[in-house]
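Letter by letter, the chains look like this.
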Amino acid sequence: MEPVIGLAVGQGTGPELAAVFERVLTGIADTHSVGIDLTRSERLYHSYSSLRAGAGVEQIRELTRQDADHYAEFCRTRAALGVPAVFRTAINAQSLYLVRQRLRAVKVDAITTPETSLLLVRDEAQGFYTGENTHAPGFLVRTMAFSRDITEQVIAFAVRRARQEWPDGGAERIIMAYKFHLLDGALDEWVAESAARHGVEIDLFQPDTVNRNLIEYGPRPRTMIIAGNEWADIMHVVLLDRFGSERQENRCTENVYLHPEAAGLVEYQTVHGSADDLAGKDTVNPVATVRAAAAIAERHAGCAGAVRMIERGLESLARQGVGTPDLGGRHSTTAVVEALLETFEAPPVES
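Worth saying up front: this structure is predicted, and the values here are computed from it rather than measured.

Let's shift gears to the packing of helix α1 (residues 14-31) against helix α10 (residues 306-320). A pair of packed helices is characterised by two quantities: the angle between their axes and the separation of those axes. One way to put it is that α1 packs onto α10 with a least axis distance of 11 Å and a crossing angle of 115 degrees. Both α1 and α10 take part in a crossing whose hand is right-handed. Of α10, the residues touching α1 (which contributes V24, I28 and T31) are A306, M309 and I310. Tallied by class, the residues present in the contact of α1 with α10 amount to five nonpolar, one polar and no charged.

Structure (structure tokens):
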């Protein structure tokens, strides 16, 4: 039975990047003599720019809710059918965070250098980026919740993921970056209880303390940071610049759903946004989408070596100066993808 992969598309450059994803995924599958089916959401989800085009506050709220309801149901349905992964292009952030709250999402980023390895696990299920808005004339009130249950689920996932990342002992140090002083001591207790339950030590720090220590000392080898999404969203590009030597626009990342209704489904996305100003110009950077296709092909569709094959291809293009304008090149998105596909080689046959 052929593996089935989900695909969800937002406005802006979403349709172009969805085409890139399909083209590259098919190319990888053909190279590995593997068949892969796609199940595509029938809804074209809004970007923030498309929502703002002629819409007032109430209409934006309603369209946001509709997109969130639809995408959450798409994810639940695919998970129930055994679909292991979804690729999603950028959509309106508020819709996304409503889905992540409902389905209890965490985002995972591995940032590595020859000297260190940093695993960032972002809590997307609680905090300021979740919650609901209440409007009154001249006011907007945003409410949110933290819970013992979700905190435990996030920590349990992070500990498991660290042991997968570093099979010879897990993380050497686990840090949590939350503004916990605002939570009346509750988060302190929950974290201590969870750490004892999992047999690990967890240092709970204020975000500014984490920043200071990272700047002064850097991360230890095999450091995991579990972070409130407010801090992690701001600091991600800084961590990449300081410890990863990688452009944010070139990266893909994964969101894992912890709610039982979507458990087992992994969502891959580009780190960059919808880039509505580039829509239809065939100049959007395809690198993050290409990497997402490779990760899905290797991890969920039996295409061993796909990630390394893609990385070799991207290295070859870089040496040739083939790239989109944002990378200093003069090539279209289509030209970059076609040049990349020409680098594909079938994996060696095991004797």
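The next thing to look at is the pattern of salt bridges. Taken as a whole, this structure holds 23 salt bridges when the rule is applied. Where R76 meets E73, a salt bridge forms, and the shortest distance between an N and an O atom there is 3.4 Å. Here the residue R76 and the residue E73 both occupy positions in helix α3 (residues 57-80), the gap between them amounting to three residues, near one helical turn. Looking at R76, the relative accessible area reads 22%, which means it is partly exposed. Judged by relative accessible area, which is 44%, E73 ranks as partly exposed. R291 is the salt-bridge partner of E311, the closest N and O atoms lying 2.9 Å from each other. With a gap of 20 residues between them, E311 in helix α10 and R291 in helix α9 (residues 287-300) connect regions that are remote in the sequence. A single salt-bridge network, built from bridges that share partners, covers E62, R65, D69 and R102.

Calculation rules
- Residues numbered from 1 in each chain as written.
- Predicted model: local features only at pLDDT ≥ 70, side-chain atom pairs only at ≥ 80, totals over all residues.
- Heavy atoms only, no water.
- Axes fitted to C-alpha atoms, helices over the stretch in contact; angles between N-to-C directions.
- Helix = DSSP H or I, 4+ residues; strand = E, 2+ residues; numbered from the N terminus.
- Left-handed = near helix turned anticlockwise from the far one by under 90°.
- Contact = heavy atoms within 4.5 Å.
- Nonpolar A, V, L, I, M, F, W, Y, C, P; charged D, E, K, R; others polar.
- Salt bridge = Lys/Arg side-chain N within 4 Å of Asp/Glu carboxyl O.
- Buried < 20%, exposed > 50% of the residue type's maximum accessible area, 1.4 Å probe, protein only.

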